[in-house]
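# Chains, contacts and geometry: an overview
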Amino acid sequence: EAPILSVRDVRVHFKVKAKSRLPWAPVRTLKAVDGVSFDLRAGETLGVVGESGCGKSTLSRAILNLIPATHGEIVWMGRSLANASTRDWHAVRRDVQMIFQDPLASLDPRMTVGQIIAEPLREHRRDLSKDEVSRRVRAMMAKVGLREQMINRYAHEFSGGQCQRIGIARALIIEPKLIVCDEPVSALDVSIQAQIVNLLKSLQQEMRLAVIFIAHDLAVVKHIADRVMVMYLGHVMELADKHALYADPRHPYTRALLSAVPIPDPAIERNKVVQILGDDIPSPINPPSGCVFHTRCPRAEARCSVEVPLLRRVADGHAAACHFA
Ligand code: SF4
Ligand code: MG
């Protein structure tokens, strides 16, 4: 079966001015995403995991051209989007919807819940009557667990979890093929996180959606993902079927992330990764030579600071970028 999405050697490099008191501060290159490739099948859920600054959010925005890739190719439903017109992107944005980290900030405060959820239909389905739009909005609200009485109220009146349900309803109302979820539960209370992940999973199955689910730790994606991609400093460290990745991680970075998993509080988890690896994450402006992970890697040897490890197959459906994987 052909993938619905192919990401091929995508790079997103930014020109940034170095901090300097001099007027002629040198311009340098920030390599937010530096050569990422993967395929996504229809109905598949890919978890994308890494610490902040690993490029996972930038990658998700590059897929939608919200941040244009500076190199590489994105192929949607067999068609390269390299020279896509505004109209092509309009069509892609109907099929590919995004769910953001901060649910309240991503919802327009001047619109009612009903108007927010209806907005994509107004943009992409002008053929629908007012009654039909209203019917679909109410049906979608029920699906995501929102009471109908909320329809004329404003997002700021609701909790973070309910706002994320509104965001999910808005993303799904035009029946997309893919939803890109950028840390959709990171801003929510731990007690609410599982509810939202479970909701996304059941909707994914019911609507046969493909999902890219971005998170900063492996615990969050364990329940929902079919495959998991681990990123570090703009590079893919490991990409594998979920069961293989959790049972038999091959990359030292994945192992460090996994040994940080069991603690349920995300704030502590992040600290634990830092305890294991140290908190000196190098800057993507001046990334380490050779393996970008070598400055924090417990297994690093001399060749690691010289030779770039390529992402290579280590088992069926399992790839890792480490000389010793
Ligand atoms: Fe560590 Fe070397 Fe493997 Fe990179 S290539 S992950 S530095 S052992
Ligand atoms: Mg982010």
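What counts as what
Residues numbered from 1 in each chain as written. Chains lettered and ligands numbered in written order. Predicted model: local features only at pLDDT ≥ 70, side-chain atom pairs only at ≥ 80, totals over all residues. UniProt positions renumbered as here; feature names shortened; annotations may be inferred. Core = buried A, V, L, I, M, F, W, Y, C linked by C-beta atoms within 7 Å. Buried ≥ 20, exposed ≤ 12 C-beta atoms within 10 Å, placed from the backbone. Contact = placed C-beta atoms within 7 Å. Near = placed C-beta within 6 Å. Nonpolar A, V, L, I, M, F, W, Y, C, P; charged D, E, K, R; others polar. Pairing = 2+ DSSP bridges. Helix = DSSP H or I, 4+ residues; strand = E, 2+ residues; numbered from the N terminus. Axes fitted to C-alpha atoms, helices over the stretch in contact; angles between N-to-C directions.

The protein chain goes by Murein tripeptide/oligopeptide ABC transporter ATP binding protein OppF in an unreviewed UniProt entry, where it is assigned to Robbsia betulipollinis. Per UniProt, the comment on the protein chain under Sequence similarities (unreviewed entry) is "Belongs to the ABC transporter superfamily."

Further remarks concern the nonpolar core. In terms of nonpolar packing, the biggest core is built from 92 residues, with Ile117 and Ala169 touching the most fellow members. For isoleucine 117, the contacting residues outside a window of four places in its chain are Val137, Met140, Met141, Ile166, Ala169, Arg170 and Ile173.

A few words now on the site of ligand 1. Close to ligand 1 lie 13 residues, the nearest being Cys291, His294, Cys297, Cys304 and Cys322. A class-by-class count of the residues in the shell around ligand 1 yields nine nonpolar, three polar and one charged.

Another point: the sheet that holds strand S10 (residues 235–241). An order of S6-S7-S8-S3-S9-S10-S12-S11 is seen for the eight strands of this open sheet, with the pairing classed as mixed. Each edge of the open sheet carries a strand with a single partner, namely strand S6 (96–99) and strand S11 (312–315). Each neighbouring strand pair of the sheet contributes to a mean axis angle of 20 degrees, computed without reference to strand direction. Note that strand S7 (residues 178–182) and strand S8 (residues 210–215) share five bridges and pair parallel. Residue pairing for S8: isoleucine 179 is matched across the bridge by valine 211.

Before going further, it helps to examine the UniProt feature "domain: ABC transporter" (unreviewed entry) in the protein chain. Here, the residues flagged by UniProt with the feature "domain: ABC transporter" (unreviewed entry) are residues 7–258. As annotated, residues 7–258 has a helix share of 37% and a strand share of 26%, and its two end C-alpha atoms lie 26 Å apart.

A separate point is the pairing of strand S3 (residues 45–49). For S3, a buried count of five out of five residues is recorded, marking the element as mostly surrounded by other parts of the structure. Burial along S3 is two-sided: Thr45, Gly47 and Val49 and Leu46 and Val48, pointing in opposite directions, are all buried. When S3 meets S8, the two strands line up parallel, connected through five bridges. If you follow leucine 46 over to S8, its bridge partner there is isoleucine 212. Alignment of S3 against strand S9 (residues 227–232), held across four bridges, turns out to be parallel. When the sheet's bridge partners are listed, valine 49 is paired in S9 with valine 230.

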